[in-house]
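Listed here are the chains, written in short residue letters.
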Amino acid sequence: MTQHNEQRIEVVGKLGSTYGIRGWLRIYSSTESAENIFSYQPWYLKIKGQWQPTELESWKHHNHELIVKLKNIDDREMAQTLANVEIGVDLSVFPELEDGDYYWHDLIGCQVVNLQGYAMGAVTEMMETGSNDVLVVRANSKDAFGKQERLIPFLYEQVVKRVDLTTKTIEVDWDAGF
């Protein structure tokens, strides 16, 4: 039996509404710098629940938006069928990171535990505040401190003591009352 390597696709953005009549679409990027989305190729589009490869023909800035032209999408009607479709890339195209640096998609879903062993919940999303990234941690149930959600700064070494992606656990030096 041959084993196929399962592709691991990470969502990096989404196609928006059509732009003009020649098949261009607006794009929303969830990469750290919006233009980074173009560094990760090839793109996959989630069509009817399946990831399908697509080729980028061109992209440009328009006002404060990014617009793209995909290969073989040449008119507004064809482009319209792709509005709001998610854009993904294979995780293997992301560069290896230094120690202490993590991709947001690796942190989402991790369980957060403080140094006293208190389980604070799971990371549901990440927020960028300018000075540092913030873990949005949702309590597993009604928590003893009445907390539904905690915002914990992702300050490696000061607050975040250990990230173990094998067990999907993040250990933090953070008071459970906050």
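As the structure is a computational prediction, the values presented were derived from the model and not from experiment. (Residues numbered from 1 in each chain as written. Predicted model: local features only at pLDDT ≥ 70, side-chain atom pairs only at ≥ 80, totals over all residues. Heavy atoms only, no water.)

Draft legend 1. Focus on the nonpolar core. In terms of nonpolar packing, the biggest core is built from 22 residues, with Leu15 and Trp43 touching the most fellow members. Listed by contribution, the elements that provide at least two residues to this core are strand E1 (9-19), strand E2 (24-29), strand E3 (43-47), strand E6 (65-70) and strand E7 (86-90). Take this core: its biggest share by element is three residues, from E6. (Core = buried A, V, L, I, M, F, W, Y, C linked by side-chain atoms within 4.5 Å. Buried < 20%, exposed > 50% of the residue type's maximum accessible area, 1.4 Å probe, protein only. Helix = DSSP H or I, 4+ residues; strand = E, 2+ residues; numbered from the N terminus.)

Draft legend 2. The arrangement of the pattern of salt bridges in detail. Going through the model one piece at a time under the given rule, you end up with six salt bridges. Across the salt bridge formed by Glu65 and Arg26, the nearest N and O atoms sit 3.0 Å from each other. One end of the pair, Glu65, is in strand E6; the other, Arg26, is in strand E2, with 39 residues separating them in the sequence. One salt bridge in this structure joins Arg162 and Asp164, with 3.7 Å as the shortest N-O distance. Shared partners join several salt bridges into a network, and the residues in it are Glu57, Lys69 and Asp74. (Salt bridge = Lys/Arg side-chain N within 4 Å of Asp/Glu carboxyl O.)

Draft legend 3. Up close: the environment of Cys110. Inspection of the secondary structure puts Cys110 in the loop between helix H2 (104-107) and strand E8 (111-114). With a relative accessible area of 0%, Cys110 lands in the buried category. Here the alpha-carbon distance between Cys110 and Leu165, two residues 55 residues apart in the chain, equals 7.8 Å. Those residues in contact with Cys110, other than ones at most four positions away along the chain, are Gly121, Ala122, Val123, Leu165, Lys168, Thr169 and Ile170. (Contact = heavy atoms within 4.5 Å.)

Draft legend 4. Region of interest: the layout of surface pockets. In this structure, the largest pocket spans a volume of roughly 670 Å³. As for the largest pocket, its lining consists of 23 residues, and the residues nearest its centre are Glu32, Tyr102, Tyr103, Trp104 and His105. Of all the secondary structure elements, the ones that give two or more residues to the lining of the largest pocket are E1, H2 and strand E9 (119-128). For the lining of the largest pocket, the residue count by class is twelve nonpolar, five polar and six charged. What lines the second largest pocket is a set of 15 residues, among which Pro95, Glu96, Leu97, Tyr103 and Asp106 lie closest to the centre. Classifying every residue of the lining of the second largest pocket gives seven nonpolar, two polar and six charged. (1 Å grid on protein atoms, 1.4 Å probe; cavity = no way out; pocket = protein on both sides within 12 Å on 5 of 7 lines; lining within 4 Å. Points joined across faces, edges and corners; volume = space filled by probe spheres on them. Nonpolar A, V, L, I, M, F, W, Y, C, P; charged D, E, K, R; others polar.)

Take it as geometry only, folks, not as evidence of what the structure does.
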